[in-house]
Amino acid sequence: DAGITQSPRHKVTETGTPVTLRCHQTENHRYMYWYRQDPGHGLRLIHYSYGVKDTDKGEVSDGYSVSRSKTEDFLLTLESATSSQTSVYFCAISFGLAENTGELFFGEGSRLTVL
Amino acid sequence: AQSVTQLGSHVSVSEGALVLLRCNYSSSVPPYLFWYVQYPNQGLQLLLKYTTGATLVKGINGFEAEFKKSETSFHLTKPSAHMSDAAEYFCAVSEGDSSYKLIFGSGTRLLVRP
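None of the values given here were measured: they were computed from a predicted structure.

**Student:** Please give an account of the sheet that holds strand E1 (residues 3-7) of chain B that cites residues and values.
**Tutor:** All names here are of chain B. Pairing is antiparallel across the open sheet formed by 5 strands, whose spatial order is E1-E3-E8-E7-E6. Looking at strand neighbours, the two that pair on one side only are E1 and strand E6 (56-58), the edges of this open sheet. Pairs of neighbouring strands in the sheet enclose a mean axial angle of 20 degrees, with direction left out of account. The sheet contact formed by E1 and strand E3 (residues 19-26) spans 5 bridges and is antiparallel. In the sheet register, Ser3 faces E3, and the bridge partner there is Ser26.

Right, here's the structure in full:
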């Protein structure tokens with residue numbers, strides 16, 4: 001168990017409101033990732049982090065921002081939520097002894113509904 | 001950019017039958033390849049991975065996959081399906097750069113009939 005938790009697990013919000021999802025890890029891993037999962041699209045990378053204050057964009061980063069002020073926490077923010085951001089969001093961390101193989105451990109997901 | 005194609009969004013097999021889930025990738029460099037499984041309302045779990053070396057890799061729960069460079073494929077197989085194998089399966093490829101990002105296929109839902 002890599003000790004990764006996501007919060008909240010479920011959230012319903014309205015269009016135009018800000019939303020922040022939190023990913024917390026207890027294993028001191030350097031790499032953390034936010035993915036979204038949608039039917040027919042698999043998982044798509046939103047943003048990732050390779051250290052404190054070091055982040056970069058993934059393939060679907062528009063409308064999202066992230067922050068990582070300490071190793072254990074990686075926050076995903078929707079500044080103004082839209083219905084197209086209704087999805088299941090997964091946080092992931094690199095896993096195992098060799099962080100450079102891309103092997104990831106996933107949290108249980110945060111289901112976001114934007115009305 | 002790398003991409004992953006999984007043929008068949010749904011695959012249905014009888015219990016005890018062979019499971020074959022197909023995955024093809026595009027890559028200009030030797031990739032790292034992965035299969036993940038997702039059970040309902042859970043996150044993804046690693047089934048197996050190929051990095052270097054032996055092209056036939058074995059994973060958990062009796063699954064295995066073979067890396068075929070000439071066919072750019074990494075198909076997942078299991079000789080005999082069990083009811084507990086019903087889940088969604090994702091093939092993924094690492095971009096191979098220092099970010100260690102994974103690119104996922106769209107997933108294949110495996111249904112196992114009694």
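**Student:** Let's hear about the sheet that holds strand E8 (residues 73-78) of chain A: which residues, and what values?
**Tutor:** All names here are of chain A. Strand order in this open sheet of 4 strands is E1-E3-E8-E7, and the pairing throughout is antiparallel. A strand with exactly one partner marks an edge of an open sheet, and here the two such strands are strand E1 (4-7) and strand E7 (64-70). The average angle at which neighbouring strand axes cross in this sheet is 20 degrees, direction not considered. With 6 bridges connecting them, strand E3 (residues 19-25) and E8 associate as antiparallel partners. Each residue of the ladder has a partner; that of Leu21, found in E8, is Leu76.

**Student:** An account of the state of the cysteines is needed here, citing residue identities and associated values.
**Tutor:** All names here are of chain A. As enumerated under the stated definition, the model contains 2 disulfides over all chains in all. A sulfur-sulfur separation of 1.9 Å characterises the disulfide bridge that pairs Cys23 with Cys91. On the sign convention where negative is left-handed, the bridge of Cys23 and Cys91, at about -70 degrees about the S-S bond, is left-handed. Taken together, the residues span a long stretch of sequence, with Cys23 in strand E3 and Cys91 in strand E9 (residues 87-94) at a distance of 68 residues.

**Student:** Report on the side chain of Ser87 of chain A, specifying residues and quantitative values.
**Tutor:** Residue and element names in this part refer to chain A. Within the element layout of this structure, Ser87 appears in strand E9. Within the structure, the side chain of Ser87 is placed 2.9 Å from the backbone oxygen of Gln37, a separation counted as a polar contact. Other than its neighbours up to four places away in sequence, Ser87 contacts Arg36, Gln37, Asp38, Ser110, Arg111 and Leu112.

**Student:** Describe the interface of chain B and chain A, listing the residues and the values that go with them.
**Tutor:** Tallying the contact residues gives 22 residues for chain B and 22 residues for chain A. For the pairing of chain B and chain A, the buried interface totals around 1700 Å² over both sides, and the portion due to carbon and sulfur atoms is 57%. For chain B, the biggest contributors to the area lost against chain A are Leu44, Tyr100 and Phe104 of chain B; these three give 31% of the whole. At the boundary of chain B and chain A, one finds 0 salt bridges. Between the two partners, chain B and chain A, sit 3 residue pairs in polar contact (both at pLDDT 80 or more).

**Student:** Got a sec to walk through the packing of aromatic side chains? Specific residues and values, please.
**Tutor:** Applying the stated criterion across every chain yields a total of 15 aromatic pairs over all chains. Taken together, a centroid distance of 5.9 Å and an interplanar angle of 65 degrees make the contact between Tyr64 of chain A and Tyr89 of chain A edge-to-face. Here the residue Tyr64 of chain A occupies a position in strand E7, and Tyr89 of chain A occupies one in strand E9, the gap between them amounting to 25 residues. Judged on exposure class, the residue Tyr64 of chain A and its partner Tyr89 of chain A are both buried. Judged by centre distance (5.9 Å) and plane angle (55 degrees), the ring pair of Tyr36 of chain B and Phe104 of chain B falls under tilted. Of this pair, Tyr36 of chain B sits in strand E4 (residues 32-38) while Phe104 of chain B sits in strand E10 (residues 102-104), and the two are 68 residues apart along the sequence. Per residue, the accessibility class of Tyr36 of chain B equals that of Phe104 of chain B, and both read buried. Three or more aromatic residues link up through ring pairs in this structure, and these residues are Tyr33, Tyr35, Tyr48, Tyr50, Phe90 and Phe106 of chain A together with Phe34, Tyr36, Phe90 and Phe104 of chain B.

About the cut-offs
Residues numbered from 1 in each chain as written. Chains lettered and ligands numbered in written order. Predicted model: local features only at pLDDT ≥ 70, side-chain atom pairs only at ≥ 80, totals over all residues. Heavy atoms only, no water. Pairing = 2+ DSSP bridges. Helix = DSSP H or I, 4+ residues; strand = E, 2+ residues; numbered from the N terminus. Axes fitted to C-alpha atoms, helices over the stretch in contact; angles between N-to-C directions. Disulfide = S-S within 2.5 Å. Polar contact = N/O pair within 3.5 Å; in protein donor to acceptor, adjacent residues only side chain to side chain. Contact = heavy atoms within 4.5 Å. Buried area = accessible area lost by both parts, 1.4 Å probe. Salt bridge = Lys/Arg side-chain N within 4 Å of Asp/Glu carboxyl O. Phe/Tyr/Trp six-rings, centres within 6.5 Å; stacked < 30°, edge-to-face > 60°. Buried < 20%, exposed > 50% of the residue type's maximum accessible area, 1.4 Å probe, protein only.

On their own, these measurements won't tell you what the molecule is for.
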